[in-house]
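Read off the chains here:
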Amino acid sequence: MSGVKLSQLVKRYGDLEVVKAIDLEVQPHEFVVLVGPSGCGKSTTLRMIAGLEEISGGEVTIGDRVVNRVAPKDRDVAMVFQNYALYPHLNVADNIAFGLRIRKTPKDQVQKMVAEVAEILGLTPYLDRRPADLSGGQRQRVAMGRAIVRHPLVFLFDEPLSNLDAKLRSQMRAEIKRLHKRLDVTSIYVTHDQVEAMTLADRIVVMNDGAIEQVGTPMELFLNPVNTFVAGFIGSPPMNQIRAEISGSSNAPVAKIGDQLLPLPASADVADRMGADVTVGIRPEHAEVHSLGTSPLNVELELVETLGSEALLHTKLADTPFIIKTETEEHFSTLDQVSAFSVNPHQIKVFDIDTGRVLGQAGA
Amino acid sequence: MQSESRLSKIGYHLRREWQIYVMLLPTIIWFIVFLYKPMYGLQIAFKDYSIFRGVDGSPWIGFEHFEFLFSNDQFIRAFWNTIIISGLNLLFGFPAPIILALLFNEILHATYKKTAQTIVYLPHFISSVIIAGIVITAFSPSVGIVNTVLGWFGIDSIYFLTKPEWFRPIFVGTGIWQEAGFGSIVFLAAIAGVNPSLYESAVVDGANRWQMMWKITIPSILPTILIMLIIRIGNVMEVSFELIILLYQPATYSTADVVNTFVYRQGIQSGQYDFAAAAGLFNAVVAFVLVMIANTLSKRYSRTSLW
Amino acid sequence: MRKHLLTTAIAATLVASTPALADGHLEIVSGEPLELTIQMNHARYPVYKEDWPVEQKARELTNVHLIDVTVGANMRTDENSGKTEALNLMLASGEIPDIVGSSRIKDFVNQYGPEGAFLPLNDLIDEHAPNLKAFFEERPEIAAAISAADGNMYYIPYLPDGKYGRAYWIRTDWLNTLGLDMPETVEEYEEVLRAFKTQDPNGNGIADEVPYFARQWPELIRLVTLWDGRSSGSDTYHDFMVVDGKLAHPYAGEGYREGIKNLARWYDEGLVDAEIFTRGSSARDFLLSENLGGSTHDWFASTSGYNRLSSDIEGFEFKAMAPPASVSGKRIEEHRRIPIKPDGWAIGGTNKHPVETIKYFDFWFTEEGRRLANFGVEGMHYDMVDGKAIFKQEFLDAGPVNRSLYQVGSQLQGRGYYQDYGYEIQWSNEFALEGIALYDEGDYLIDQFLGVAFNADEQRVYDRYWGSIRDYMLERQQAWVLGNGDVEEEWDDYMAQLEKKGLSQVLEVMQSAYDRQYGG
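Residues numbered from 1 in each chain as written. Chains lettered and ligands numbered in written order. Predicted model: local features only at pLDDT ≥ 70, side-chain atom pairs only at ≥ 80, totals over all residues.

Undergrad: For the overall build of chain B, give the residues involved together with the corresponding values.
TA: Helix and strand content of chain B: 16 helices and 0 strands. In terms of C-alpha radius of gyration, chain B reaches 25 Å, well past the compact-globule figure of 19 Å for 307 residues. Look at the contacts in chain B between residues 6 or more apart in sequence, and 66% of them connect residues 24 or more apart. (Helix = DSSP H or I, 4+ residues; strand = E, 2+ residues; numbered from the N terminus. Rg over C-alpha atoms; globule rule 2.2 N^0.38 Å. Contact = placed C-beta atoms within 7 Å.)

Undergrad: Any details on the overall build of chain C? Residues and values, ideally.
TA: Regarding its fold elements, chain C presents 22 helices and 13 strands. Taking 24 Å as the expected radius of gyration for a compact globule of 520 residues, we find that chain C reaches 25 Å, a close match to that expectation. Based on the C-alpha atoms only, the size of chain C along its principal axes is roughly 75 × 65 × 35 Å. At a minimum sequence separation of 6, the contacts of chain C that also span at least 24 residues come to 77%.

Undergrad: Account for unusual backbone geometry, with residues named and values stated.
TA: Ser236(A) connects to Pro237(A) through a cis peptide bond whose omega is -5°. Mapped onto the elements of the fold, Pro237(A) is located in the loop between helix H8 (228–233) and strand E11 (240–248). Unlike most non-glycine residues, His238(C) shows phi in positive territory, near 60°. Among the structural elements, His238(C) can be located in the loop between helix H10 (218–221) and strand E7 (241–243). Owing to 18 C-beta atoms within 10 Å, His238(C) belongs among the partly exposed residues under this scheme. (Buried ≥ 20, exposed ≤ 12 C-beta atoms within 10 Å, placed from the backbone.)

Undergrad: Go over the domain arrangement of chain C with me, naming the residues and quoting the values.
TA: For chain C, the domain assignment lists domain 1 (26–162 + 341–430), domain 2 (166–336) and domain 3 (456–518). On a C-alpha basis, the centroid separation for the pair domain 1 of chain C and domain 3 of chain C is 36 Å. (Domains from an automatic or database assignment.)

Undergrad: Lay out helix H16 (residues 273–302) of chain B with the relevant residues and their values.
TA: Residue and element names in this part refer to chain B. Taking 1.5 Å per residue, 30 residues should reach 44 Å; H16 reaches 41 Å between its end C-alpha atoms and fits that length. Within H16, burial applies to Asp 274, Phe 275, Ala 276, Ala 277, Ala 278, Ala 279, Phe 282 and Ala 294. Along its buried surface, H16 packs onto helix H4 (64–71), helix H12 (209–234) and helix H15 (259–266). Once H16 finishes, Arg 303 follows within two positions and takes phi at roughly 60°, a positive value. (Expected span 1.5 Å × (residues − 1).)

Undergrad: Can you break down the interface of chain A and chain B residue by residue, with the values?
TA: Contacts between chain A and chain B engage 16 residues on the former and 14 residues on the latter. Contributions of two or more residues to the side of chain A that touches chain B are made by strand E6 (77–80) and helix H2 (92–102) of chain A. Grouping the constituent residues of the side of chain A that touches chain B by class yields 11 nonpolar, 3 polar and 2 charged. (Nonpolar A, V, L, I, M, F, W, Y, C, P; charged D, E, K, R; others polar.)

Undergrad: Requested: an account of the pairing of strand E1 (residues 4–13) of chain A, with residues and values cited.
TA: Looking along a regular strand, one sees the side chains alternate between the two faces of the sheet. All names here are of chain A. Both E1 and strand E4 (residues 57–62) contribute to a ladder of 5 bridges, which runs antiparallel. Bridge assignment links Val 10 to a residue of E4, and that residue is Gly 57. The hairpin formed by E1 and strand E2 (residues 16–26) contains 2 residues between the paired strands, and Gly 14 there has a positive phi angle of roughly 60°. (Pairing = 2+ DSSP bridges.)

Undergrad: Summarise the sheet that holds strand E5 (residues 166–171) of chain C; cite the residues concerned and give the values.
TA: All names here are of chain C. Spatial strand order, E6-E9-E5-E10: 4 strands in an open sheet with mixed pairing. The two strands at the open ends of the sheet, each matched to only one other strand, are strand E6 (210–212) and strand E10 (318–321). Geometrically, the sheet is characterised by an average inter-axis angle of 35° between neighbouring strands, direction not taken into account. Both E5 and strand E9 (residues 293–299) contribute to a ladder of 5 bridges, which runs antiparallel. Bridged to Ala 167 within E9 is Asp 298. Sheet strands touched by helix H9 (residues 186–198): E6 and E9. Its angle to E6, the strand with the most contacts, is close to 170°. Together, E5 and E10 form the strand contacts of helix H19 (residues 430–442), whose direction differs from that of E10 by roughly 15°. (Axes fitted to C-alpha atoms, helices over the stretch in contact; angles between N-to-C directions.)

Undergrad: Could you give an account of the domain arrangement of chain B, with specific residues and numbers?
TA: All names here are of chain B. Domains assigned within chain B are domain 1 (1–62) and domain 2 (65–302). Its C-alpha centre places domain 1 at a distance of 33 Å from the equivalent point of domain 2. Each side of the interface is counted separately: domain 1 has 6 residues, and domain 2 has 6 residues.

Undergrad: Describe helix H8 (residues 128–138) of chain B, and please don't skip the residues or the numbers.
TA: All names here are of chain B. Those residues of H8 not exposed but buried are Ile 131, Ala 132 and Val 135. The buried residues of H8 occupy an angular sector of 100° when projected down its axis, which confines them to one face. Of the residues in H8, the exposed ones pointing more than 90 degrees away from the buried face are Val 129 and Ile 130. (Arc of directions from axis to C-beta.)

Undergrad: Which residues make up the nonpolar core, and what values do they have?
TA: Grouped together as the largest cluster of nonpolar side chains are 141 residues, with contacts concentrated most on Tyr155(C), Leu263(C) and Ala346(C). Ranked by residues supplied to this core, first place goes to helix H20 (residues 456–482) of chain C with 9 residues. Leu263(C) has contacts with Leu220(C), Leu223(C), Val224(C), Val272(C) and Val481(C), leaving out every residue within four places of it along the chain. Residues Val32(A), Leu46(A), Leu161(A) and Val206(A) belong to the second largest nonpolar core, which totals 109 residues. (Core = buried A, V, L, I, M, F, W, Y, C linked by C-beta atoms within 7 Å.)

Undergrad: An account of the interface of chain C and chain B is needed here, citing residue identities and associated values.
TA: Where interface size is quoted, it is often the accessible area lost as the parts come together. Listed as interface residues are 26 residues of chain C and, on the opposing side, 26 residues of chain B. Elements that contribute at least two residues to the side of chain C that touches chain B include exactly helix H3 (81–93) and H20 of chain C. If you tally residues by element for the side of chain C that touches chain B, the top one is H20(C), at 11 residues. Residues of the side of chain C that touches chain B, tallied by class, amount to 9 nonpolar, 10 polar and 7 charged.

Undergrad: Account for the packing of H20(C) against helix H22 (residues 503–518) of chain C, naming residues and giving values.
TA: Residues and elements named next belong to chain C. For the pair H20 and H22, the least separation of the axes is 9 Å and the interaxial angle reads 140°. Here H22 runs oblique to H20, going by the angle between their axes. Remark: the crossing between H20 and H22 carries left-handed chirality. Packed against H20, whose contacting residues are Glu 458, Val 461, Tyr 462, Tyr 465, Trp 466 and Ile 469, the element H22 presents Leu 503, Gln 505, Val 506, Val 509, Ser 512 and Ala 513 at the interface. Its residues assigned to classes, the contact of H20 with H22 comprises 9 nonpolar, 2 polar and 1 charged. (Parallel < 35°, antiparallel > 145°, perpendicular 65-115°, else oblique. Left-handed = near helix turned anticlockwise from the far one by under 90°.)

Undergrad: An account of the packing of helix H6 (residues 95–106) of chain B against helix H10 (residues 164–192) of chain B is requested, with residue identities and associated values reported.
TA: For any two helices packed against each other, the geometry is given by the interaxial angle and the distance between the axes. Residues and elements named next belong to chain B. H10 packs onto H6 with a crossing angle of 60° between their chain directions and a minimal axis gap of 7 Å. Taken as axis vectors, H6 and H10 run oblique relative to one another. Here H6 and H10 pass one another in a crossing that is right-handed. Contacts from Ala 96, Pro 97, Ile 98, Leu 100, Ala 101, Phe 104 and Asn 105 of H6 reach H10 at Ile 176, Ala 180, Gly 181, Gly 183, Ser 184, Phe 187, Leu 188 and Ile 191. Taken together, the residues of the contact of H6 with H10 sort by class into 11 nonpolar, 4 polar and no charged.

Undergrad: Let's hear about the environment of Val26(A): which residues, and what values?
TA: Residue and element names in this part refer to chain A. Within the fold, Val 26 resides in strand E2. Its 22 C-beta neighbours within 10 Å are what place Val 26 among the buried residues. Distance from Val 26 to Lys 5, taken between C-alpha atoms, is 6.1 Å for residues 21 residues apart in sequence.

Undergrad: Describe the arrangement of the chains, listing the residues and the values that go with them.
TA: There are 2 pairs of chains in contact here, and the one with the most contacts is chains B and C. Across all C-alpha pairs, the smallest distance from chain A to chain C is 51 Å, and the two are not in contact.

Undergrad: So what about the sheet that holds strand E16 (residues 300–306) of chain A? Which residues, and what values?
TA: Residues and elements named next belong to chain A. Strands sit in the order E16-E17-E18 across an open sheet of 3 strands; the sheet is antiparallel. Each edge of the sheet is formed by a strand with only one pairing partner; in this case those strands are E16 and strand E18 (320–327). Within the sheet, the average angular offset between the axes of one strand and its neighbour, ignoring direction, is 25°.

Spelled out as structure tokens, the structure:
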């Protein structure tokens with residue numbers, strides 16, 4: 001089993017740099033998800049690993065081999081495409097066997113391997129069908145079957161679930177997770193959906209504008225985003241970001257939001273910015289409305305969105321939209337009367353207003 | 001009772017979707033005016049037609065025109081010539097644009113590709129008269145390029161256009177030269193419609209270009225190929241007769257004379273529209289039967305069909 | 001300059017005499033002018049133009065105004081369909097104008113006239129058209145030739161004047177170069193052609209000369225007359241002929257067989273253009289201007305014009321030669337201008353003024369009308385000199401005279417009129433005139449078959465058999481000449497095939513039609 005290493009990887013189209021010298025090391029067996037908005041370069045990065053895009057600069061290493069000049073077929077990777085890339089004229093069995101046949105695998109072996117994969121993916125009853133006669137989820141499974149059957153060193157997934165409806169997606173997510181556990185193959189997975197990233201990844205790579213913003217486990221990213229971008233991208237709904245002015249003292253700094261004061265965790269970075277504006281980040285989950293702690297903040301409730309066990313309260317804090325996520329169970333009848341929340345200062349993030357970088361959390 | 005409810009259903013449908021039916025109208029009118037109404041005139045195939053008396057005023061004569069056709073050994077010969085020339089056209093002329101399209105698809109250099117395409121499309125836009133002139137010159141025994149080249153190998157010059165055995169190869173070859181490029185457009189369009197990730201997936205799977213062509217491109221455009229083939233079979237009786245008229249000689253009638261040229265000499269030239277209509281009707285019947293057969297076969301074996 | 005003054009002077013005197021002509025003796029109706037509608041399509045003048053000076057003059061003289069209502073106007077020149085397409089469209093439109101003029105109108109009116117589309121003219125001519133009547137009385141064969149199967153005339157033809165069409169032409173400068181005499185017999189002609197082939201008369205060191213060539217390949221078959229065969233009975237290729245009152249086809253004759261045998265030999269030897277069957281209409285232009293062609297058989301007027309090449313090719317001289325004597329010593333020129341064309345005009349079946357219309361037709365056969373049809377308008381295009389119409393110099397200088405005449409409404413072949421050869425002689429070049437004089441002297445022309453009008457039964461037999469027979473004849477003919485078969489060996493089989501394909505039935509119906517029409 002081998003890992004994948006990207007060093008100073010660059011992709012340029014003419015003068016336009018779409019991947020900007022990124023470094024990334026994917027450990028053997030690891031499931032890494034590249035996530036980011038459209039056009040952030042994540043798919044391009046994946047395609048460079050697959051060998052479908054030429055590498056403009058830097059190196060891709062698979063195992064201990066630099067594969068920049070290695071043909072896709074010799075990189076021993078398998079890829080699952082967004083729109084399945086199934087051959088409409090071949091039935092399921094032939095689709096799965098395609099790669100094997102191209103490699104001139106002996107016939108009886110092909111049959112055995114296809115049967116095995118079909119069994120794993122629950123496709124055995126459909127082996128004789130054409131893709132047109134399959135459901136979306138079945139097609140997606142066939143696409144994965146095509147990848148699995150070759151026993152590659154690395155799996156590459158290019159937004160494989162984005163053509164499915166929500167229910168199927170969560171089902172397939174679980175299936176992919178299970179599959180990875182079973183096969184234990186190094187996987188790199190591209191998606192723009194942070195939920196997929198959070199649920200599937202051993203580690204998440206957040207990309208934006210051709211560069212990596214942060215690499216870490218899902219919880220690391222959730223709890224300790226290094227900048228406003230990651231904070232805004234990970235989590236659903238994303239972290240609330242409010243402009244505030246630092247005041248109080250170095251030891252007990254507070255954020256002045258409108259005319260309300262919010263205690264902040266003390267740090268040198270924060271102390272340096274006394275009197276300056278910052279962005280204060282509060283996760284919707286961390287706003288407490290039922291047992292108000294110290295110095296609650298008043299908000300103006302605009303809308304209650306009930307999701308079942310949870311509810312989203314759309315409020316305004318100093319004229320800025322602010323979302324609070326709360327349990328419904330015990331307090332359902334009082335939700336529409338919420339007018340303030342409190343938050344544990346240690347769960348508050350403070351970001352530089354200009355660079356967006358988190359303050360007071362070096363290395364944390 | 002049931003038909004009434006069905007009528008009211010149609011009425012409701014018409015009221016609701018009338019915009020769509022209005023859009024359909026021009027096509028229907030076109031069909032009525034240019035196809036169905038002229039069908040009324042087909043009856044002159046069974047009449048002693050006079051333009052002055054009109055379709056209705058001309059007397060019925062039954063199958064006399066058809067009897068004349070089938071009792072005429074030149075018509076029989078022309079019929080077989082049509083089948084043979086069409087068969088050769090199908091055999092060599094039909095795959096040519098497909099091959100060309102596949103070749104174009106493999107050219108990566110954009111400018112080179114565009115230039116090459118433009119060059120092969122050009123002959124399509126040249127009038128048959130010019131094409132015939134080019135062919136006559138190219139195969140001329142004294143100055144023709146073909147005989148010049150043959151001369152380099154010590155082969156005596158051949159007066160190709162008067163040799164019955166050479167007519168079909170020259171005609172079919174000319175047809176390919178003239179139409180293969182333009183015909184490749186539809187296949188290029190079909191190829192462009194193939195999902196690019198199929199190729200990427202195949203690249204990752206390790207397929208080379210040749211394998212991708214055979215295992216992806218051709219199967220993917222197969223429905224297009226079959227539809228074009230069925231349409232082509234429907235036109236089997238319609239060999240491009242202007243070009244034949246321009247290229248053939250009495251000396252090559254034995255291989256070159258097709259139903260349309262025969263009809264032209266016998267019918268149109270002496271204003272016998274009734275006779276020409278009979279031959280045209282016969283052509284249409286043959287073509288219709290062929291299309292039915294081809295369509296049924298295609299439907300059965302490849303799920304692709306015209307209807 | 002002096003000439004110009006002269007013509008001006010003559011014109012001046014003529015203007016003085018003009019009022020005497022316009023005395024109204026040609027007027028057909030008095031008072032309000034009579035308007036007649038006309039369809040006239042021709043490749044060179046697709047519609048009838050009411051502002052043609054000739055039409056204007058005719059209006060003035062006859063008080064009949066022709067109004068153009070042509071449908072299906074086209075300028076196509078292909079053998080039959082291009083010419084009759086407009087007529088078919090007109091008929092299909094359901095409205096037939098008062099007057100219908102066209103080339104190739106004969107078969108058309110003979111088919112649809114008896115059905116009622118056109119008026120029979122015989123009685124109208126007898127009663128109202130003294131000039132036409134006089135003409136047909138003088139030329140009964142013409143009246144016979146244009147009659148339909150029911151014995152009626154349905155159109156007034158365009159009647160070409162002048163006898164000569166094609167002639168043999170030869171590079172006389174090549175003869176001089178090689179020290180040869182003008183060939184007088186077929187043997188000598190063959191020797192000359194061989195000398196052209198082998199002795200490099202164009203002096204470029206390559207044997208690239210093409211001794212005999214033709215724009216229309218049937219002009220090669222024409223040479224069978226040198227072995228006493230025939231290639232056609234009329235000015236149409238492959239046509240029937242009349243021998244002693246009996247219809248026959250030239251391609252079934254002994255002389256033809258002998259001729260083809262020898263032409264195959266000529267072809268094989270290279271005395272004939274190797275590409276004669278495909279060279280096409282540009283053959284003459286190409287081979288003469290490239291200094292390659294030696295001899296041909298082609299029209300006087302256009303071929304003589306190539307002597308202008310002498311400015312490019314040193315010594316170039318292309319002259320008419322008398323037809324070489326055949327193996328039996330006969331000298332014939334098979335081609336001539338046919339005295340009567342299938343072109344002309346007819347009266348539509350719904351015409352309300354048949355009498356006035358036939359009088360109008362008759363007007364064009366009066367002296368004034370014929371001059372108007374041939375020369376244009378007096379004082380404008382020509383002047384009268386010693387009783388002859390002489391074109392004005394500026395008119396002659398204004399480009400091809402026949403084209404200029406179409407443009408003023410003269411020499412329209414969609415009009416029934418009697419051509420005056422005097423019109424053409426005034427602008428023929430010296431080589432043409434010299435050639436015509438040569439042919440006049442020898443009297444080489446032979447009688448022509450003027451065609452027959454079938455009744456319905458005859459037509460059916462003809463249609464059934466003739467197409468196949470003609471195709472077969474031409475197929476074998478080319479094969480023999482090209483050496484893809486041997487005429488001597490295959491002749492009996494060929495004749496048997498013709499018989500099997502129904503040649504005798506065709507000849508039989510032609511004979512019965514001929515006998516009826518020409519009083520056989």
